[in-house]
Structure formats: structure tokens, C-alpha cells
Amino acid sequence: MDSRPPPPQPDSPTAETVAGRLLAWYDRHRRRLPWRAGPGETPDPYRVWLSEIMLQQTTVATVGPYFERFTARWPTVAALAAAPLDAVLAEWAGLGYYARARNLHACARAVVERHGGAFPDEEAALLALPGVGAYTAAAVAAIAFDRPASPLDGNIERVVARLFAVAEPLPGAKPELRRLAATLTPSARPGDYAQAAMDLGATVCLPAKPKCLLCPLEADCRARALGIAERLPAKAPKAERPTRRGVAFLARRADGRVLLRRRPDKGLLGGMAELPSTDWRTESWAEAEALGSAPLPAAWDALPGLVRHTFTHFHLELGVWRAELPAATDSPAGARWVPIDGLAGEALPTVMRKLLRHGLA
DNA sequence: AAAGCGTGGGC
DNA sequence: TGCCCAAGCTT
């Protein structure tokens, strides 16, 4: 038993001190982001919601151009609701997690149908919308409507875990972090407070190398006092990623078109365009076996090299087989011939663009 | 309730 | 290079 007195530690942070320091910091360091209202401006709930959906598991830098294109093309939720789903998917292509785009479209239509085109200002009503979970409902309520909601995203999880030195690993610690985060949320300026907490996590309370010397909460932070800030929050170990393999078929017609299909609406890359391919499985494919998955009979030519791509839960290695077909070739059921110079406007996810680049080079 | 679901950048 | 990470949601 160690009888030495424990090192000095800050008292448990209080809502008043933390919120006050964070808001004062935010007033000096507020970032100008395309979806963020300036000081004194009224936020547009549509833009707040759109940005929050895009920012799910996605960096600010990646979202920027997508947000600009979406709001230029669809300036209001009613405009987005009136768009065909495939146009939304094509505009979303490359951003990933495509269920977000399908839910985005469904949500826009729900806001028009259930709420007359105006986003609800209550967390519970927001939570009932497609693609809106606990985080997004709280974030929109706070940021768009200045309601005293307490969003908990990865940034705030990290800030709170360090502030209170919560050692339990995620995701198990989440209920406790949510409880602690709620105790900090002020009744004054809750929207600015939420953005301040997220900005702090994004720019100061960084995962690997927190800039504690720049942090307005350094004096309140128990993990800092204990010298363990860099190691919090703890996380459960991740499952390993298996490798799956397949063969993709690039059918090129003499009139400069290639054959694309639409993927099923649910599951991986749901609703997006694809090159026809074999299944993606652990075992590699013998040539004769892969040929059975070709979309049409042709003189298929195996191109050198492989296209590699990594998804959230598996690595993928695809061979590319190419065939040249006469301009009069009909498209097989469920597929269509798309002009090569029109591919930019298609709902092609990144892995499919890699295949096309490989096969058309 | 654990697993499925994308992508690009940083180290 | 391989792993980690990013303003999570759905089933």
C-alpha cells in the first residue's frame, strides 16, 4: 500500500467554470466554416442539418466541397426533397457511408411531408427523422435552435473523458460520458457551447498529441493533472480486417461506352453504380470460375495488376478483366451502357472509380 | 447489442 | 506501410 499523499488534483470541474472558459475561448477562436453562422447571425437549420450528416465520421476538409455543391444545387430542404434519389447519390459519390445519402433524401422528404418544410426545433422530433440519431438530434437542436441539448460526438467524448479522467474504455464508457457531458452544458448559449466543445476537441484536445498548453481547460483537467491525457479515452481493441477477392468486368463498347449496373438499395454501396463483378470472397477465383460471373459473353482479357481498396471492415483485392464489344451490343438485364465522358456524373463510389481508372488507362 | 457501413489524411 | 482517426446511424 502506497502511503504517500496523492498528487494534487483539480476539484471535479463545475459546469460554470468549464462552460465559461470554453465560451470565452470560442469567442476568440471561432472557426469560420461554410455551414456555421457568424456571430449574431441566425443559423439556417437546413444547412446545420446537412453539415451534421456530412460530418458524421468525416473530416471538415473532406466535407467542404461537398457541402458547397449540395447547397448550390439544392438551396433548401424542399429543393433537396424534390430531387431524384439518384441525383443525390451521384452528388454524394466519394463521400462514403452511402446510407447517409439515402437517409438524407428520405429525411428531406419527411421534413416536407411531416413538418411543412421546416425542421422541428425539438430533439425528440428530430430524432424521429431518418438518419438522425442521438448525436445529430442534439447537435441540430443546440446549434440551429440554441436549445440546451448536449450532443456527444467523438470530440466531446475525448474532451470529457480527459476532463474527468474516465478510464473505462469506449464504447462502454459512453453512458457515463454522456451523463458527465450533460452536467457541463450551460443554459446560456448552448449552441455556441456545443460548437466550442467540438472545436476544442478538433483543434486542441487532439487524440494523439493534445495541445494542453493552449487549452483553456488545462487547470480543470484531471487527466492533465495525472499525466494521462494522451492515453484517454481508452478504446476497445478492433476486430481484424480480412481480405476479400474478386474479379471486375469492364465491358467497353466501340462507341465509347462502358457497362454499369446499379447495386441493390441496401448494404455495402447500396444504390450506387458499379462495374459487374464476381462475389467478393476470401478465396481467390480460378479463371474458369470467374468467367461464370461475366455480364455477357465476350473475349475477356485479364489486365495486369490488382486494384486494392480498404473498407471499414475488410480489404478488397480486385482483378480487372476487359472486353471490347461492337457498338450494337445490347445491354444485359439490369445493366446499361454509359458514355465514358459521362462517368463523372454517375453515382460511382471511389472503389469503382479506381477500377475504371485501372481499366481505361 | 455487436456488427455493418467508406474514404482520405496523418504519422 | 499499416493503423488510427474523423461532428455516427441502423439493424
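Sequence order as written defines residue numbering, which begins from 1 separately in each chain. All chains are assigned letters beginning with A, and all ligands numbers beginning with 1, in the order in which they are written. Local features in a predicted model are, by the rule used here, given only for residues with pLDDT of at least 70; side-chain atom pairs are given and counted only at 80 or more, and totals for whole chains, interfaces and linings are based on all residues. By convention in this description, side-chain values take in all heavy atoms of the structure and omit both hydrogens and water.

Rules: UniProt positions are given in the numbering used here, feature names are shortened, and annotations may be inferred rather than shown by experiment.
An unreviewed UniProt entry annotates chain A as Adenine DNA glycosylase of Tistlia consotensis USBA 355. Looking at chain A in UniProt, the text filed under Sequence similarities (unreviewed entry) is "Belongs to the Nth/MutY family." Taken directly from UniProt, the Catalytic activity (unreviewed entry) text for chain A runs: "Hydrolyzes free adenine bases from 7,8-dihydro-8-oxoguanine:adenine mismatched double-stranded DNA, leaving an apurinic site."

Topic: the pattern of salt bridges
Charged atoms that come close allow side chains of opposite charge to pair. Cut-off, in case you're wondering: For this analysis, a salt bridge means a side-chain nitrogen from Lys or Arg found within 4 Å of a carboxyl oxygen belonging to Asp or Glu. Runs of H or I in DSSP of at least four residues are treated as helices and runs of E of at least two as strands, each being numbered from the N terminus. When a residue's accessible area, from a 1.4 Å probe over protein chains only, is under 20% of the maximum for its type it is buried; when over 50% it is exposed; and in between it is partly exposed.
Taken as a whole and assessed by the stated rule, the structure comprises 25 salt bridges. For Arg 36, the salt bridge is made with Asp 199, and the minimal N-O distance between the two is 2.9 Å. On the criterion of sequence distance, the pair formed by Arg 36 in the loop between α1 (15-29) and α2 (45-54) and Asp 199 in helix α11 (residues 190-203) is long-range, its members being 163 residues apart. A single burial state applies to Arg 36 and to Asp 199, both of which are buried. Ionic pairing is found between Glu 324 and Arg 322, a salt bridge with its closest N-O pair at 3.8 Å. Judged by its relative accessible area of 18%, Arg 322 falls in the buried class. Residues participating in the shared-partner salt-bridge network are Asp 27, Arg 30, Arg 189 and Asp 192.

Details of the packing of aromatic side chains
Short version of the rule: Aromatic pairing here means that ring centres of Phe, Tyr or Trp (its six-membered ring) are within 6.5 Å. Orientation follows from the plane angle: under 30 degrees is stacked, over 60 is edge-to-face, and everything else is tilted. Consider the ring centre and the ring normal. A charge sits over the ring if Lys NZ or Arg CZ is within 6 Å of that centre and within 35 degrees of that normal.
Under the criterion given, the structure shown has 9 aromatic pairs. Judged by centre distance (6.0 Å) and plane angle (40°), the ring pair of Tyr 46 and Trp 49 falls under tilted. With Tyr 46 and Trp 49 both in helix α2, this residue pair falls 3 residues apart, about one helical turn. Ring plane angle 25° and centroid distance 6.1 Å describe the contact between Trp 280 and Phe 311, whose orientation is recorded as stacked. Residue Trp 280 is found in the loop between β3 (273-274) and α13 (287-291), and its partner Phe 311 is found in the loop between β5 (307-310) and β6 (315-325); the two are separated by 31 residues along the sequence. The class for Trp 280 is buried, based on a relative accessible area of 15%. Ring pairing ties together the aromatic residues Tyr 46, Trp 49 and Phe 119, which thus form one cluster. When the ring centre of Phe 314 is taken as reference, the NZ or CZ atom of Arg 244 above it lies at 4.0 Å.

Description of the protein's contact with DNA strand C
As a reminder of what qualifies: Only heavy atoms are used to decide nearness, and a residue is near a molecule or strand if one of them lies within 4 Å of it. Pairs of N or O atoms are called polar contacts if they sit within 3.5 Å, as long as, within protein, a hydrogen donor faces a hydrogen acceptor (for residues adjacent in sequence, only side-chain-to-side-chain pairs). Three classes are used: nonpolar for Ala, Val, Leu, Ile, Met, Phe, Trp, Tyr, Cys and Pro, charged for Asp, Glu, Lys and Arg, and polar for all others, with Gly counted as polar.
In the region of DNA strand C, 25 residues are neighbours, and Gln 57, Gly 131, Asp 153, Asn 155 and Arg 158 sit closest. Note that a phosphate oxygen of DNA strand C is positioned 2.9 Å from one of the backbone N or O atoms of Gly 133. Interatomic distance of 2.4 Å between a side-chain N/O atom of Arg 158 and a phosphate oxygen of DNA strand C. A per-class count over the surface near DNA strand C returns 10 nonpolar, 8 polar and 7 charged.

Quick look at the UniProt feature "domain: HhH-GPD" (unreviewed entry) in chain A
UniProt tags residues 54-203 as "domain: HhH-GPD" (unreviewed entry). In residues 54-203, the share of helix is 65% and the share of strand is 0%. The end C-alpha atoms are 19 Å apart.

Observations concerning the domain arrangement of chain A
What counts is decided by this rule: Just so you know, the domain bounds were taken from an automatic or database domain assignment. In this description, contact between two residues means that some pair of their heavy atoms is separated by no more than 4.5 Å. Using a 1.4 Å probe, buried area is obtained as the accessible area two parts lose upon being combined, added over both of them.
For chain A, the domain assignment lists domain 1 (15-231) and domain 2 (243-360). If you average the C-alpha positions of domain 1 and of domain 2, the two centres end up 37 Å apart. Listed as interface residues are 9 residues of domain 1 and, on the opposing side, 16 residues of domain 2. Of the roughly 770 Å² buried where domain 1 meets domain 2, counting both sides, 52% is carbon and sulfur surface. Broken down residue by residue, the surface that domain 1 buries against domain 2 is led by Leu 89, Tyr 98 and Arg 102, which jointly contribute 52%. The interface formed by domain 1 and domain 2 holds 1 salt bridge in total. Between the two partners, domain 1 and domain 2, sit 4 residue pairs in polar contact (both at pLDDT 80 or more). Here the side of domain 1 that touches domain 2 gets 4 residues from one element, more than from any other, and that element is helix α5 (residues 85-92). Of the residues contributing to the side of domain 1 that touches domain 2, the split by class is 6 nonpolar, 1 polar and 2 charged.

Describing the environment of Gln 56
Within the element layout of this structure, Gln 56 appears in the loop between α2 and α3 (60-73). C-alpha of Gln 56 to C-alpha of Ala 125: the two residues are 69 residues apart in sequence and 20 Å apart in space. Here Gln 56 is in contact with Arg 100, Gly 131 and Thr 136, once residues within four sequence places are set aside. Looking at Gln 56, its side chain comes within polar contact range of the side chain of Thr 136, at 3.0 Å.

Topic: unusual backbone geometry
Residue Pro 171 follows Leu 170 across a cis peptide bond; omega there is 5°. Assignment of secondary structure puts Pro 171 in the loop between α9 (154-163) and α10 (174-184). Here the bond from Leu 232 into Pro 233 is cis, since omega is -5°, no more than 30 degrees from zero. Here Pro 233 is to be found in the loop between α12 (222-226) and β1 (243-253). Phi is positive for Asp 146, which is not a glycine, with a value near 50°. Within the element layout of this structure, Asp 146 appears in the loop between α8 (134-145) and α9. Phi is positive for Leu 269, which is not a glycine, with a value near 55°. Tracing the chain through its elements places Leu 269 in the loop between β2 (257-262) and β3.

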